[in-house]
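# Inside the fold
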Amino acid sequence: MGKILTVLLIELLILIVSVFALKIESTVGFLLLLVSIVFAIYYGAKNEKIRYRLQDAFSSSRRFALILGIILIFIFPLFFMDSPYWVFVITIGVIYIILAIGLNMMLGSLDLVNLGFAAFFGIGAYTVGMITAKYGLHLPYLIVLLLAGIVAMIFGLLLCLPTMGMKGYYFSLTTIAFGLAVELTINNLEWTGGPGGIKNIPHISLFGLNLGDSYTVFGYDLPFQLNYFYFALVIMLLVMLVAWLIHNSRIGLSWNAIKEDDIAARAQGINIKVYRIYAFAIGSFIAGVAGAIFAPLMGYIAPTNFTYAHSITMVAMVILGGIDNIMGIALGAFLLSIAPEKFRAFSDYRMLIYALIIILMVIYRPQGLIPKKIRKYDFIGGAKDE
Amino acid sequence: MSENILRVENITIQFGGLKAVEDVSFEVKKGEIYGIIGPNGAGKTTILNAISGIYTPVTGKIYFKDKDITGVEPHILVEWGIARTFQNSRLFWDLSVLDNVLLGMHTRKKMGLFRAIFNRDYVNQEFRDSIKEAEELMTFFNPELVERKFHDAKSLPHADKRRLEICRALASNPDLILLDEPSAGMDPAETRVLMEELKKIQELRENITMIIIEHDMRLIGGVTDRVLVLDHGKKISEGTFAQVSSDPRVISAYLGGSLDA
Ligand SMILES: Nc1ncnc2c1ncn2[C@@H]1O[C@H](COP(=O)(O)OP(=O)(O)OP(=O)(O)O)[C@@H](O)[C@H]1O
Ligand SMILES: [Mg+2]
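It is worth spelling out the sheet that holds strand β4 (residues 59–64) of chain B at this point. Residues and elements named next belong to chain B. Taken in spatial order, the four strands line up as β2-β1-β4-β5 in an open sheet, and their pairing is antiparallel. Strands with a single pairing partner mark the edges of an open sheet, and in this sheet they are β2 (18–29) and β5 (67–68). Sitting on the sheet, helix α1 (residues 44–51) is in contact with β1 (4–15), β2 and β4, with an inclination near 65° to β2.

Written as C-alpha cells, this is what we have:
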C-alpha cells in the first residue's frame, strides 16, 4: 500500500512539475526549476536509501506505475488548452522522443555515434511530403507512414554497409558527411523543392478523422494540435514498447556485448554485421516514422528542419537523458525540446549550450541523468534477485 | 571420421617481417587435454588465434573435425564447436556476471528480430532455460558466481573473473575449448585449485577436447595428456609431459626460464 502511494505521489509530482515548468513565464524561473530538477535526480540517485525506496516501490508495483504514467501523459496536454502553441511544442517534444529512441539503437546500444541521424528524419518527412503534397497521391496515411519508415530504412542500410567495419570517430565523421550529403541534396534538387521545401502537406486523416480539424468534446473546442499530440503519443508508446522488447531480448544483449568488446563478442559467435544491420534498420525506420508525423503536423518542410544541428541535438538528448535507458532518453529528449522555447532570448547560443551539455555529461556523468540498469530478468518471473 | 579433432598442418603466421609461428604442425585427439607451452613470445597465443579464426596463416592449413577451417571467421567457428578464452580476460565488464554467461550461449540461442518482438512467450521461456543452465554452470566452478550474478563482471575478484570467462566459453557447448593461460595473474594456491577444476571439466562435458596454454610448464604437468613445446615460433618438442621435460632442447629453451625456477 505504501509503495503504491509512493508511486502515485512521485508520478503526480512529475506531472505537476512538468506542467509548472512549461507554464513559468520567466526565463530565470525556468532555469532555477531546471537546475533543481537535475539536482533532485542527481542526488536522489546518489542517496542509497532514497534510491532503494523508489526502486523498490516502482519495481513491486510495476504495472500500476506504468498504467498511471500513461494516464497522466494523456492528461498532460489538457493543462494547455488555452495555448495551442504549447500543445504544438510538446507534440514536437514527443516526436523528438521517438527520434532519440531510434538514435539510441546505434548510439546507446552499439556505441555508434551517428552525427547524421537527422537525415533519416528528413527522408521520412520528405517521403510523406512528396507522396501527399507533390504528387497528391491519396494513399491511406498508415501506408504512407510505413513507406516513410521503409525509405528511411533503405537509406539507413545504404549508410550501414560501407561503414560496416568502422568505429569511433571514423564512423562519426562518415555519418556527418552522410547527413550533410542528404541535406545538400534535398536543398539543391528541384525535384524535392530545393531550399523552399515542400508546402501544403495535407493533414493526417485516420479512420475517417482528420487530425487537422478541431473537435469539440463536452463543449470544449480542442485545438487540432491535440489530435497530433495523441497520435504522436500512441506511436511513441509503440516505439518504446518495441525498444523495450528488443533491449530485453538476445538482440539487445548482443548489441551491448559488441559495444563493450567486439573481439570478445565475435568469440561468442556473434556475427557483428547482422547486429549492425539490425541497429541501422530499426533506428532509421523509427526516424522515418517520426518524420511522417512531423511533416503533416508542420504542413511545410524544408531542408533547414533536418540539419547537422538537429543531429547534434538528438545526440545531446540521448547523452543527457541516459544512454540505453528508455525513460532517461525520454527525459533528455523532452527537456531539450522544451528548453529552447524557454530560452528564446539565448537562441543564438543554442548549439553552444548543447555542446556544453554533451561535454559536461561526458566528463561528469557519462551514464546520463537516468543511467541504464543491469538486466535483472524480472519480466520472466523466473530469476529472482538475491 | 578420424580420432583427431584438430589437425594443424605446417602453419606459418607472419606479422610484417616477423614470423611469429613458423611451419608448425600438430594433431589433437578427441577428448584429449593438450598443452602448449613455451617461453614468452614463443607464439602460443598466435597459434590459438589462428585456430579460433582471428588470424589466417600465410601458409598451411587447419582442419577441425576433418573440415578445412583455415580463414573461417571466428563467429562461425564458435558455431562449429570451438570456444576460447583470452590471455588478458576479455569479459563484458559492464554487463552482469549472468549476462556474460548468457552471451556464451549465443550460437545455440540466438533469435531473429521478428521472434524477439512478437513471440515473447518463446523469448521468456528461452531466458528461463538459459538462466537455469548458466546458474548450473557457474555453480560448478564457484557458487559465489551465482550469488553475484547481477553484479558487474568487473566487480569480481580476479580468480573469479578468470573462472567466469571459462564458464562463458563452456556455455557454447564446444567440442574444443582453447584456454590461453587460464591461471594468469593467480597466486600459486589459486592456480592449484584452478588446475583441479580444469581436470573436472571433462566430468561435466564428456568428450570435450581442451587446449591449454601455459608458459610456466610445471603448472600443467598434472593436467595435460600431451604437450607441444614452442620456442621462437617453432615446434621444438611434443609428447607426454615426462617426455618433453627431459628433452634437452626443451631444457635449453627454458634455461633460466620458469622450468627450473
Ligand atoms: N598482432 C601482432 N602484431 C605484431 N606482432 C605480434 C602480434 N601478435 C603477436 N606478435 C608477436 O609474435 C610473437 C609471438 O607472440 P605470442 O603472443 O603468440 O606469444 P606467446 O607465446 O603467447 O607469449 P606470452 O607467453 O608472452 O603470452 C611475439 O614476438 C609477438 O611480439
Ligand atoms: Mg600469449
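In this structure, β1(B) lies alongside β2(B), joined through eight bridges in antiparallel fashion. Its bridge partner lying in β2(B), Asn4(B) is registered against Lys29(B).

Those protein atoms acting as donors to the magnesium ion (ligand 2) are Thr45(B) (OG1) and Gln87(B) (OE1), and they sit at 1.9 to 2.1 Å. In this pair, Thr45(B) is assigned in helix α1 and Gln87(B) in the loop between β6 (82–84) and α3 (97–104), connecting sequence segments 42 residues apart.

Quick look at the packing of aromatic side chains now. Residue and element names in this part refer to chain A. Tallying each qualifying case throughout the model produces 27 aromatic pairs over all chains. With a centroid separation of 5.8 Å and 20° between ring planes, the pair formed by Phe39 and Tyr43 is classed as stacked. Here Tyr43 and Phe39 lie together in helix α2 (residues 27–46), a separation of four residues that amounts to about one turn. Of the residues examined, Phe39 reaches a relative accessible area of 44% and is grouped as partly exposed. The exposure class assigned to Tyr43 is partly exposed, which follows from its relative accessible area of 44%. Plain terms: the ring middles of Phe76 and Phe334 are 6.1 Å apart, the flat faces sit at 65° to each other, and that makes the pair edge-to-face. Within this pair, whereas Phe76 is found in the loop between α4 (62–75) and α5 (84–110), its partner Phe334 is found in helix α14 (residues 326–342), the two being separated by 258 residues in sequence. Phe334 matches Phe76 in its accessibility class, with the two residues each being buried.

Scoring rules and cut-offs
Residues numbered from 1 in each chain as written. Chains lettered and ligands numbered in written order. Predicted model: local features only at pLDDT ≥ 70, side-chain atom pairs only at ≥ 80, totals over all residues. Heavy atoms only, no water. Pairing = 2+ DSSP bridges. Helix = DSSP H or I, 4+ residues; strand = E, 2+ residues; numbered from the N terminus. Contact = heavy atoms within 4.5 Å. Axes fitted to C-alpha atoms, helices over the stretch in contact; angles between N-to-C directions. Donors = N, O, S within 2.8 Å, 3.2 Å for Na, K, Ca; no water. Phe/Tyr/Trp six-rings, centres within 6.5 Å; stacked < 30°, edge-to-face > 60°. Buried < 20%, exposed > 50% of the residue type's maximum accessible area, 1.4 Å probe, protein only.

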